[in-house]
Amino acid sequence: MEVIIAPAAELAVLAADAIEALLRRKPDAVLGLATGSSPLAVYDELARRHEQAGLSFARARGFMLDEYVGLPAEHPERYRNVIAREVASRVGWPAAQVQGPDGLAEDLEAACAAYERSIAEAGGVDLQLLGVGTDGHVAFNEPGSSLASRTRIKTLTRQTREDNARFFDGDVEQVPRHCLTQGLGTIMEARHLVLLATGRGKAEAVHRVVEGAVSAMWPGSVLQLHPHVTVLVDDAAASRLQLADYYRQTYASKPTWQGL
Ligand code: GLP
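Note that the structure is a prediction, hence the values are computed from the model and not measured.

Explain the site of the ligand to me, using residue names and the numbers behind them.
Looking at the ligand, there are 13 residues lining it, with Ser 37, Ser 38, Asp 66, Arg 166 and Lys 202 nearest. The separation between an oxygen atom of the ligand and a polar side-chain atom of Arg 166 is 2.7 Å. Protein chains shield 95% of the accessible area of the ligand, which is 390 Å² for the free molecule. Residue composition of the shell around the ligand, by class: four nonpolar, six polar and three charged.

This is the structure:
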């Protein structure tokens, strides 16, 4: 696991650099897309590079991590709409090439299985962007999630619904109770995981995920078992890291030829 502690604006540039390098090397790369506020600055940076430097998503494929169950098709917080608005439409990404689990399917279990098949048929995810919840969830794998789980329906915790109420007029009752989410086992199959976290509210989760015991109680801790993980955090989110000085020294002396 590589932990990089830097100002938030720099983190977004680093994540965008990794995505750009991948797309230039492999124009039909498969990208894993996250929602939430953490990746927004990365999407801004990608939009800028698309406009100013011709970064092309024309042949790329995208797979979203998760989706609320039951939000109406046109709801602005439906993750499919969020991703279309925040990323796809801004980087010229053909809509048909970006998929998410179908939270409006009549048969949700079948939709989850179909989603797993689509990811596999695309050859798997090359680079997966991730955020982390204050309770250590990644995608919507709440505490207690099987570390081997696949795409499935989950019940959101009260904490997650409260955290996300800000996207629903501050009203927790408007936040759906269920979601479809890639499982931890699904996410672990992506070839490169890039986790972004900023702000003091994430400090405990970042510490547990990066340095705590691997445990379903802090679902993101399963990332410790992945061979290629980059954790991008600002000073505030890094404030509880035990080995922060070591991570800073390591990054300061990182060879320039070595990418993320
Ligand atoms: C949400 C999403 C996650 C996201 C996390 C943190 O509920 N399902 O994919 O990483 O919670 O969100 P934020 O980045 O807004 O703090």
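Can you lay out the state of the cysteines for me, pointing to particular residues and giving the numbers?
For the structure on display, the rule yields zero disulfides. The cysteine Cys 112 is free of any disulfide, with Cys 179 supplying the nearest cysteine sulfur at 9.3 Å.

Which residues make up the environment of Ala 238, and what are the values?
Mapped onto the fold, Ala 238 is located in the loop between strand S10 (229–233) and helix H8 (244–252). Residue classification places Ala 238 among the buried positions, given a relative accessible area of 3%. Sequence-distant contacts of Ala 238, defined by excluding residues within four places in its chain, comprise Ile 5, Val 233 and Ala 244.

Describe the pattern of salt bridges, with residues and values.
By the definition in use, this model includes 19 salt bridges. In this structure, a network of salt bridges that share partners links the residues Asp 17, Glu 20, Arg 24, Glu 45, Arg 48 and Arg 49.

Which residues make up the packing of helix H1 (residues 8–25) against helix H2 (residues 40–53), and what values go with them?
Remark: H1 packs on H2, axes separated minimally by 8 Å, with the N-to-C direction vectors making an angle of 50°. When the interaxial angle is binned, H1 and H2 end up oblique. The interaxial crossing formed by H1 with H2 has right-handed handedness. Counting all contacts with H1, which are made through Ala 12, Val 13, Ala 15, Ala 16, Asp 17, Ile 19, Glu 20 and Arg 24, the residues of H2 involved are Ala 41, Val 42, Glu 45, Leu 46, Arg 49 and Ala 53.

Run through the pairing of strand S3 (residues 61–64), naming residues and quoting values.
Pairing between strand S2 (residues 30–33) and S3: four bridges, direction parallel. Within S3, the position partnered with Leu 33 by the bridge is Met 64. Remark: the S2/H2/S3 crossover connection has right-handed handedness. Sheet topology note: the S3/strand S5 (residues 98–99) ladder contains two bridges and is parallel. Counted as the bridge partner of Phe 63 is Gln 99 from S5.

Before we move on, can you summarise helix H3 (residues 79–86) with the specific residues and values?
When we look at burial in H3, the residues that qualify are Tyr 79, Val 82 and Ile 83. Relative to the axis of H3, the buried residues are bounded by an arc of 95° and lie together on one face. For H3, the secondary structure elements touched by its buried residues are S2, H2, S3, strand S4 (66–68), S5 and helix H5 (158–164).

Reading the values: the criteria
- Residues numbered from 1 in each chain as written.
- Predicted model: local features only at pLDDT ≥ 70, side-chain atom pairs only at ≥ 80, totals over all residues.
- Heavy atoms only, no water.
- Near = heavy atom within 4 Å.
- Polar contact = N/O pair within 3.5 Å; in protein donor to acceptor, adjacent residues only side chain to side chain.
- Areas by Shrake-Rupley, 256 points an atom, 1.4 Å probe, with all protein chains shown as cover.
- Nonpolar A, V, L, I, M, F, W, Y, C, P; charged D, E, K, R; others polar.
- Disulfide = S-S within 2.5 Å.
- Helix = DSSP H or I, 4+ residues; strand = E, 2+ residues; numbered from the N terminus.
- Buried < 20%, exposed > 50% of the residue type's maximum accessible area, 1.4 Å probe, protein only.
- Contact = heavy atoms within 4.5 Å.
- Salt bridge = Lys/Arg side-chain N within 4 Å of Asp/Glu carboxyl O.
- Axes fitted to C-alpha atoms, helices over the stretch in contact; angles between N-to-C directions.
- Parallel < 35°, antiparallel > 145°, perpendicular 65-115°, else oblique.
- Left-handed = near helix turned anticlockwise from the far one by under 90°.
- Pairing = 2+ DSSP bridges.
- Right-handed = clockwise from strand over helix to strand, strands pointing away.
- Arc of directions from axis to C-beta.

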